[in-house]
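Analysis of the macromolecular model
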Amino acid sequence: MKISRTTLVVLLAGAALTACADPGDEPTAGPSSTTAGPSPTAAAPVTSQPDPGPSTSPSRPDPTWKGGPSTPPGVGGTTVTGTIRAGVEPNCLLLDDHLLVGGPRDVLTPGTRVEVTGRPEPGMMTTCQQGTPFVVESARRA
C-alpha cells in the first residue's frame, strides 16, 4: 500500500494536534465515521500536571510613582534594606543576595540605599544569572 506525502503529512499533523488537545476537548459522540480502520500512527498518552494556581508574575510599576512610605510586608513578605548594585547582565539589580524583580526603576538605581518590601520567589525564571528573585511590592530611599 502506497501513501502519498500529502496524506502522510495530514495524518501526522492530525495525530500531533490530537496529542496536544486538552482532556476536556474530547468529543462526546462516538468515533468519527470518516475514518476506517486503525490509525497508521499511535499517539503517545497525554499526561497532565496539576494547575499551578494564579500567576505570580509581578505587575508593571507605575512610571509616575515616586516612592513613599514603606508598607508592612504581606504574608510571606520581607523587608530588605541596603545599597543596590548592578548585576553582570544588563538591567539586573541586586540588593544583598536578592535579584530585584519589578518595582519603581526611578527609585531602584545602582548605588542608591533603599528599603524594599516584597517576597522571595526562588523558583522564578529570569535572564539574570545572579541572586534569588525577589518580587518588589514597594520601595523607598533609605
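Higher on the page you've got the structure.
Remember, it's a predicted structure, so these values are computed and weren't measured experimentally.

Reading the values: the criteria
Residues numbered from 1 in each chain as written. Predicted model: local features only at pLDDT ≥ 70, side-chain atom pairs only at ≥ 80, totals over all residues. Heavy atoms only, no water. Helix = DSSP H or I, 4+ residues; strand = E, 2+ residues; numbered from the N terminus. Contact = heavy atoms within 4.5 Å. Areas by Shrake-Rupley, 256 points an atom, 1.4 Å probe, with all protein chains shown as cover. Polar contact = N/O pair within 3.5 Å; in protein donor to acceptor, adjacent residues only side chain to side chain. Core = buried A, V, L, I, M, F, W, Y, C linked by side-chain atoms within 4.5 Å. Buried < 20%, exposed > 50% of the residue type's maximum accessible area, 1.4 Å probe, protein only. Pairing = 2+ DSSP bridges.

1. Section: the overall build of the protein
The number of helices and strands found in the protein is one helix and six strands. What you see in the protein, going N to C, is helices and strands ordered as α-β-β-β-β-β-β. Of all intrachain contacts in the protein linking residues separated by at least 6 positions in sequence, the fraction that spans at least 24 positions is 65%. With an accessible surface of roughly 10,300 Å², the protein has 58% of that area assigned to carbon and sulfur atoms.

2. A short note on the side chain of Thr-112
By the secondary structure assignment, Thr-112 is in the loop between strand S4 (98-101) and strand S5 (113-120). Among the polar contacts made by the side chain of Thr-112, one reaches the side chain of Thr-109 at a distance of 2.7 Å. The contacts of Thr-112, once residues within four sequence positions are left out, are Gly-82, Thr-83, Ile-84, Val-107 and Arg-141.

3. Some thoughts on the nonpolar core
Counting residues in each nonpolar core, the largest one holds twelve residues, listed as Val-80, Ile-84, Leu-93, Leu-95, Leu-100, Val-107, Leu-108, Val-114, Val-116, Phe-134, Val-136 and Ala-139. Mapped onto this core, the elements with two or more residues apiece are strand S3 (93-95), S5 and strand S6 (132-141). The greatest single-element share of this core, amounting to three residues, is contributed by S6. Once residues within four sequence positions are removed from consideration, Val-114 is found in contact with Val-80, Thr-81, Gly-82, Ile-84, Leu-95, Val-107, Leu-108, Arg-140, Arg-141 and Ala-142.

4. Things to note about the pairing of S6
The sheet contact formed by S4 and S6 spans four bridges and is parallel. Counted as the bridge partner of Leu-100 is Phe-134 from S6. Sheet analysis places S5 next to S6, joined by seven bridges and oriented antiparallel. Residue Thr-117 lies in a different strand from S6, and its bridge partner there is Ser-138.

5. Examining unusual backbone geometry
Despite not being glycine, Asn-91 shows a phi value in the positive range, around 65 degrees. Structurally, the position occupied by Asn-91 is in the loop between strand S2 (85-86) and S3. A positive phi angle is found at Asp-96, which is not glycine, with a value near 55 degrees. Relative to the helices and strands, Asp-96 is located in the loop between S3 and S4. According to the relative accessible area criterion, Asp-96 is partly exposed, its value standing at 45%.

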